Amino acid sequence: MTTYAVTGASGQLGRKIVQSLLDLHISPFDVIALARDTAKVEDLAALGVRTRTADYDQPETLTAALDGVDRLVLVSASEPGKRLPQHQAVISAAEAAGVQRIVYTSLLKADDTTNGLAPEHIATEEVLAASPVETTALRNSWYIENYTGQIGSYLEQGAIIGAAGDGLISAATRQDYAEAAAAAAVADAVKPTYELGGTAFTLADLAATVSAVSGKEIGYTNVTVDELTAGMVGAGMPEGVASFWASIDGSIAVGDLHTESTDLADLIGRQPTPLADAVKAAL
């Protein structure tokens with residue numbers, strides 16, 4: 001039988017990938033949830049999933065964690081600036097352990113984008129391309145949850161404020177991306193790269209959807225990247241962090257998080273979650 005492992009299994013995406021593998025009728029015994037702290041995946045262990053300690057910053061934990069693993073879903077690390085060495089450690093351990101396939105969660109258009117998150121992803125993809133292991137990069141667009149998690153703030157302010165202009169965002173839910181990762185892990189054959197995104201919307205569309213679902217009218221106020229940065233700093237965010245995240249809106253404005261690819265729907269066998277459904281669920 002094929003043995004699957006998922007890194008970052010205690011995180012919001014990794015946990016859903018493990019559950020999606022089970023939904024594909026993979027035996028729990030054939031799924032290994034890898035986490036820095038296995039106490040945080042006890043609920044998965046209760047389902048029969050095996051759990052192992054795997055710390056990106058402690059390479060000595062990785063070889064044992066990947067022992068006997070055939071296919072690995074490498075969920076990208078969460079700390080900007082540290083991702084590449086962390087990913088390299090996992091990939092090296094996977095090679096040593098004889099892993100046959102690595103599925104990596106990357107970023108949409110990683111090799112052709114102004115998005116500040118891209119460099120570490122494309123560098124990881126280059127390491128994967130040089131690996132003797134079969135690899136595939138799932139280039140995820142934005143999570144809808146990046147916005148639905150802020151609905152309370154939107155309603156309180158009476159507006160969504162951003163610097164994305166009328167840029168389209170092909171966002172999808174974590175569940176959509178998790179199902180795609182599980183599908184790529186179990187497929188008989190995969191492409192080297194998938195560009196994954198849902199039905200596109202603008203921030204003005206988001207405001208209209210939140211208004212329709214909540215019954216409270218809010219609008220979208222477009223500002224410059226510098227103005228958005230200043231607003232975030234005024235709200236207490238460190239300037240460097242504010243500047244970085246405001247620049248993401250700038251990248252959205254030029255289309256960096258928009259794709260017309262149907263790869264996501266093709267992988268999961270259904271249309272990605274509509275924005276309105278995600279907003280309703282969040283509310």
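Residues numbered from 1 in each chain as written. Predicted model: local features only at pLDDT ≥ 70, side-chain atom pairs only at ≥ 80, totals over all residues. Heavy atoms only, no water.

A. How the structure looks around the packing of helix α1 (residues 12-23) against helix α8 (residues 174-186). Where α1 contacts α8, the axes come no closer than 8 Å and their chain directions differ by 50 degrees. Judged on the interaxial angle alone, α8 and α1 are oblique. For the pair α1 and α8, the crossing hand works out as right-handed. Contacts between α1 and α8 pair Gln12, Leu13, Lys16, Ile17, Ser20 and Leu21 from the former with Arg174, Gln175, Tyr177, Ala178, Glu179, Ala181, Ala182, Ala185 and Val186 from the latter. Looking at side-chain class alone, the contact of α1 with α8 contains 9 nonpolar, 3 polar and 3 charged residues. (Axes fitted to C-alpha atoms, helices over the stretch in contact; angles between N-to-C directions. Helix = DSSP H or I, 4+ residues; strand = E, 2+ residues; numbered from the N terminus. Parallel < 35°, antiparallel > 145°, perpendicular 65-115°, else oblique. Left-handed = near helix turned anticlockwise from the far one by under 90°. Contact = heavy atoms within 4.5 Å. Nonpolar A, V, L, I, M, F, W, Y, C, P; charged D, E, K, R; others polar.)

B. Focus on the UniProt feature "domain: NAD(P)-binding" (unreviewed entry) in the chain. What UniProt calls "domain: NAD(P)-binding" (unreviewed entry) maps, in this numbering, to residues 8-157. Counting secondary structure, residues 8-157 comes out at 40% helix and 18% strand; the distance between its end C-alpha atoms is 34 Å. (UniProt positions renumbered as here; feature names shortened; annotations may be inferred.)

C. Structural detail: helix α5 (residues 118-129). Taking 1.5 Å as the rise per residue, α5 with 12 residues should run 16 Å; its terminal C-alpha atoms sit 16 Å apart, in good agreement. When we look at burial in α5, the residues that qualify are Ala118, Glu120, His121, Ala123, Thr124, Glu125 and Leu128. Buried-residue contacts for α5 involve α4 (83-97), β5 (101-107) and β6 (134-140). (Expected span 1.5 Å × (residues − 1). Buried < 20%, exposed > 50% of the residue type's maximum accessible area, 1.4 Å probe, protein only.)

D. Representation of the nonpolar core within the structure. Grouped together as the largest cluster of nonpolar side chains are 34 residues, with contacts concentrated most on Ile17, Val18, Val73, Leu138 and Leu196. Mapped by element, the contributors of at least two residues to this core are β1 (4-6), α1, β2 (31-35), α8, β8 (193-196) and α12 (263-268). With 8 residues, α8 is the single largest residue contributor to this core. The residues contacting Val18, other than those within four sequence positions of it, are Val6, Ala9, Val31, Ala33, Leu44 and Val49. By size, the runner-up hydrophobic cluster in this structure holds 26 residues, among which are Leu117, Leu203, Leu206 and Ile252. (Core = buried A, V, L, I, M, F, W, Y, C linked by side-chain atoms within 4.5 Å.)

E. The arrangement of unusual backbone geometry in detail. A positive phi angle, near 70 degrees, is found at His25, a position not held by glycine. Residue position: His25 is located in the loop between α1 and β2. His25 sits in the exposed class, given a relative accessible area of 75%. A positive phi angle, close to 55 degrees, is found at Lys109, a residue other than glycine. Tracing the backbone through its elements, the reader meets Lys109 in the loop between β5 and α5.

F. A look at helix α9 (residues 203-214). For α9, which comprises 12 residues, the first-to-last C-alpha distance of 16 Å matches the rise-based estimate of 16 Å (1.5 Å per residue) to within 8%. Looking at α9, one finds that the buried residues are Leu203, Leu206, Ala207, Thr209, Val210 and Ser211. One or two positions beyond α9, positive phi appears at Gly215, with a value near 85 degrees.

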